[in-house]
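# Fold and contact review
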Amino acid sequence: MNAFFKMTMLAFVLGTSVGQAQNSAKFKVVLDAGHGGNDFGATYHGYVEKNNALNVVLKVGRILEADQATQVIYTRKTDVFIPLDERADIANKSKADIFVSIHCNANKNLAASGTETYVMGVTRNAANLEVARKENEVVTMEKDYKIKYDGYDPNSPESVIGMTVIQEEYLDQSIELAAGIQEGFEEGLSRKSRGVKQAGFLVLRKIYMPRVLIEMGFVSNKEEGAFLSSDEGQEQIAQAIAKAILDYRKEYFVQGTEEYVPVERPNIPEKEIQKIDTPKVKEVKPAAINGTVFKIQISASTKKMDLVPSNFNGLNTISMEDDGTIIKYFYGNTNDYNESKKLLEEAKAKGYGSAFIVAYKNGQKVTLNEALR
Ligand SMILES: [Zn+2]
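Residues numbered from 1 in each chain as written. Predicted model: local features only at pLDDT ≥ 70, side-chain atom pairs only at ≥ 80, totals over all residues. Heavy atoms only, no water.

Put simply, the rule reads: UniProt positions are given in the numbering used here, feature names are shortened, and annotations may be inferred rather than shown by experiment.
Taking an unreviewed UniProt entry as the reference, the protein is identified by name as N-acetylmuramoyl-L-alanine amidase belonging to Flavobacterium enshiense DK69. Taken directly from UniProt, the Catalytic activity (unreviewed entry) text for the protein runs: "Hydrolyzes the link between N-acetylmuramoyl residues and L-amino acid residues in certain cell-wall glycopeptides."

Written as structure tokens, this is what we have:
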């Protein structure tokens with residue numbers, strides 16, 4: 001083997017290993033202990049939400065840090081006050097893969113008990129709204145909360161409804177993660193599961209990744225409060241949460257790609273999602289290729305995406321056109337112009353504010369005027 005060849009081989013080997021090192025990104029988890037500092041969260045019978053949340057977060061973090069493929073980012077590791085929008089900033093800046101916020105529930109009915117995990121979304125369910133209202137209340141400790149949180153009014157559930165019509169992105173993955181956590185509580189710990197639920201939480205609304213908010217149980221319930229405040233209880237809860245997170249990582253994160261690998265999602269048991277009132281998108285009848293066809297162009301990108309609802313704010317019936325430079329994505333498919341106007345409104349409601357109608361005649365793109373002639 002001559003020297004030049006050896007050098008080339010060496011460069012090749014080094015090049016390969018450097019390439020691999022760059023690609024071996026870790027699965028990043030943001031752990032968010034609810035409340036902190038002057039914000040105690042719910043307190044009943046001497047049980048304090050902020051302490052329980054922090055203790056569990058630190059325990060979950062310790063388990064996850066032992067996993068080589070996982071990196072943990074904390075919004076707080078001590079008893080300090082962090083505004084909700086700062087928590088979102090920490091998550092977005094770290095470009096994490098999931099955000100997990102940990103809390104305790106409370107209710108005037110001291111008998112209420114059980115665990116629930118929330119995903120971000122619109123709800124008119126009074127009980128869900130009440131939980132979100134309590135968790136959101138902390139922003140009133142900030143001076144400019146109405147400006148910072150887009151007109152949020154702590155006394156009006158409607159302001160929560162209004163502000164949550166922001167994005168349904170990552171809803172599928174969020175539900176998947178939430179269902180895994182609830183399953184761990186119910187089957188692993190034999191605790192009462194109140195299911196996966198949906199409501200508008202200010203801490204979750206501007207985070208761009210799958211995200212959940214866990215209510216580990218009720219500190220207002222004497223028995224459950226004692227469990228939540230005990231080292232043994234916190235350890236059990238932390239193990240259940242960490243297991244669900246690691247199961248999620250194994251299913252959706254392949255090390256080295258920095259991408260979720262699209263896999264067939266297992267069906268979530270019906271009882272887990274009964275509380276989810278996901279905005280319904282109407283089934284769109286496929287249009288005939290001949291004649292005039294209308295579609296809604298929702299975005300254009302250089303990035304090829306799988307045509308699944310989770311990549312398009314929950315919209316289904318997505319199609320695409322790739323002209324070699326740019327990929328255009330379309331929602332819906334209809335022969336009826338009036339129908340296409342409804343589809344356009346649906347796309348806009350899902351966050352595609354600049355969406356527009358495009359028309360085809362016998363497979364050729366034409367202007368709207370030509371199509372309507
Ligand atoms: Zn809380």
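From this point, the discussion proceeds with the structure in view.
## Considering the overall build of the protein
So the rule is basically this: Strands here mean DSSP runs of E at least two residues long; helices mean DSSP runs of H or I at least four residues long; both are numbered from the N terminus. Exposure classes here rest on a 1.4 Å probe applied to the protein chains alone. A residue is buried below 20% of its type maximum, exposed above 50%, and partly exposed in between. The contact rule is simple, with two residues in contact once any of their heavy atoms fall within 4.5 Å. The Shrake-Rupley method, run with a 1.4 Å probe sphere, supplies the accessible areas, and residue values consider only the shown protein chains as cover.
For the protein, the helix and strand inventory stands at 13 helices and 13 strands. For the protein, with 373 residues in total, the buried portion stands at 48%. In the protein, the share of contacts with a sequence separation of at least 24, taken over all contacts with a separation of at least 6, comes to 77%. Surface exposure of the protein reaches about 18400 Å², of which carbon and sulfur atoms provide 53%.

## Thoughts on the sheet that holds strand β6 (residues 115–120)
For clarity, the threshold we go by: Strands are treated as partners if at least two bridges between them are detected by DSSP. Convention adopted: a line fitted to C-alpha atoms gives each axis, helices being fitted over their contacting stretch, and angles between N-to-C directions are expressed from 0 to 180 degrees.
Read from one edge of the open sheet, 6 strands run β4-β1-β5-β8-β6-β7, paired in mixed fashion. Of all the strands in the sheet, just β4 (70–74) and β7 (193–199) have a single pairing partner and so form its edges. The average undirected angle you get between the axes of adjacent strands in this sheet is 25°. Pairing of strand β1 (residues 27–33) with β4 involves 5 bridges; the strand directions are parallel.

## Looking at the coordination of the zinc ion
Where we set the bar: Ligating atoms shown are N, O and S within 2.8 Å of the metal, or 3.2 Å for Na, K and Ca, and water is not included, meaning a site may look less than complete.
Protein coordination of the zinc ion is provided by His35 (NE2), Glu49 (OE), His103 (ND1), Glu135 (OE) and Glu135 (OE), with donor distances spanning 2.0 to 2.4 Å. Along the chain, the residues donating to the zinc ion are arranged with the sequence spacing H-x13-E-x53-H-x31-E. Separated by 68 residues along the polypeptide, His35 in the loop between β1 and β2 (43–44) and His103 in strand β5 (residues 98–105) bring together distant segments of the chain. Across the pair, exposure class does not vary: His35 and His103 are buried alike.

## Notes on the confidence of the model for the protein
What counts here: Note: pLDDT gives the predictor's confidence per residue, expressed from 0 to 100.
Mean pLDDT over the protein works out to 81, with 79% of the residues at or above the 70 mark. Residue range residues 257–286 is modelled with pLDDT below 50. Its contacts to residues more than four positions away, or to other chains, number 70 contacts.

## Details of the pattern of salt bridges
To keep things clear, this is the line we draw: Here, a salt bridge means any side-chain nitrogen of Lys or Arg that lies within 4 Å of a carboxyl oxygen of Asp or Glu.
Within the structure shown, the criterion is met by 12 salt bridges. The partner of Arg87 in a salt bridge is Asp32, and the shortest N-O contact between them spans 2.8 Å. Here the residue Arg87 occupies a position in helix α3 (residues 84–93), and Asp32 occupies one in strand β1, the gap between them amounting to 55 residues. Residues Arg87 and Asp32 agree in their burial class; the two are buried. The partner of Lys243 in a salt bridge is Asp247, with the nearest N and O atoms 2.9 Å apart. You can see Lys243 and its partner Asp247 sitting in helix α10 (residues 231–252), 4 residues apart, about one turn around the helix. Its relative accessible area of 34% is what places Asp247 among the partly exposed residues. Among the ionic contacts, a cluster of salt bridges with common partners joins Lys59, Asp231 and Glu235.

## Notes on the packing of aromatic side chains
Convention followed: Each aromatic pair joins two rings of Phe, Tyr and Trp (for Trp, the six-membered one) with centres within 6.5 Å, and gets the label stacked for planes under 30 degrees apart, edge-to-face for over 60, and tilted for any other angle.
Counted under the stated rule, the structure contains 6 aromatic pairs. Geometrically, the ring pair formed by Phe27 and Tyr248 is tilted, given 6.2 Å between the ring centres and 40° between the ring planes. On the criterion of sequence distance, the pair formed by Phe27 in strand β1 and Tyr248 in helix α10 is long-range, its members being 221 residues apart. Note on accessibility: Phe27 and Tyr248 belong to one class, buried.

## A few points about unusual backbone geometry
With the exception of glycine, the majority of residues adopt a negative phi angle, and the majority of peptide bonds are in the trans configuration. Of note, the phi angle at His35 is positive, near 65°, even though the residue is not glycine. A positive phi angle, near 55°, is found at Ser190, a position not held by glycine. One can find Ser190 in the loop between α7 (171–188) and β7.

## A look at the environment of Leu64
When you line up the elements, Leu64 lands in helix α2 (residues 49–65). Look at Leu64 and you get buried, because its relative accessible area is 0%. C-alpha separation for the pair Leu64 and Lys243, spaced 179 residues apart in sequence, amounts to 8.8 Å. Beyond its immediate stretch of four places on either side in the chain, Leu64 contacts Val29, Leu31, Thr70, Val72, Ala242, Ile245 and Leu246.

## Here we look at the nonpolar core
Applicable threshold: Buried Ala, Val, Leu, Ile, Met, Phe, Trp, Tyr and Cys residues form a nonpolar core when they are joined through side-chain atoms within 4.5 Å.
Counting 44 residues, the largest nonpolar core has Leu31, Val60, Ile241 and Ile245 as the members making the most contacts within it. For this core, the elements supplying multiple residues, two or more each, are β1, α2, β4, β5, α7, β8 (211–218) and α10. When residues of this core are assigned to their parent elements, the largest contribution, 10 residues, is made by α10. Leaving out residues up to four positions away in the same chain, Leu31 has contacts with Val57, Val60, Gly61, Leu64, Val72, Ile73, Tyr74, Thr75, Val100 and Ile245. Counting 24 residues, the second largest nonpolar core, distinct from the first, contains Ala91, Ala96, Tyr118 and Val203.

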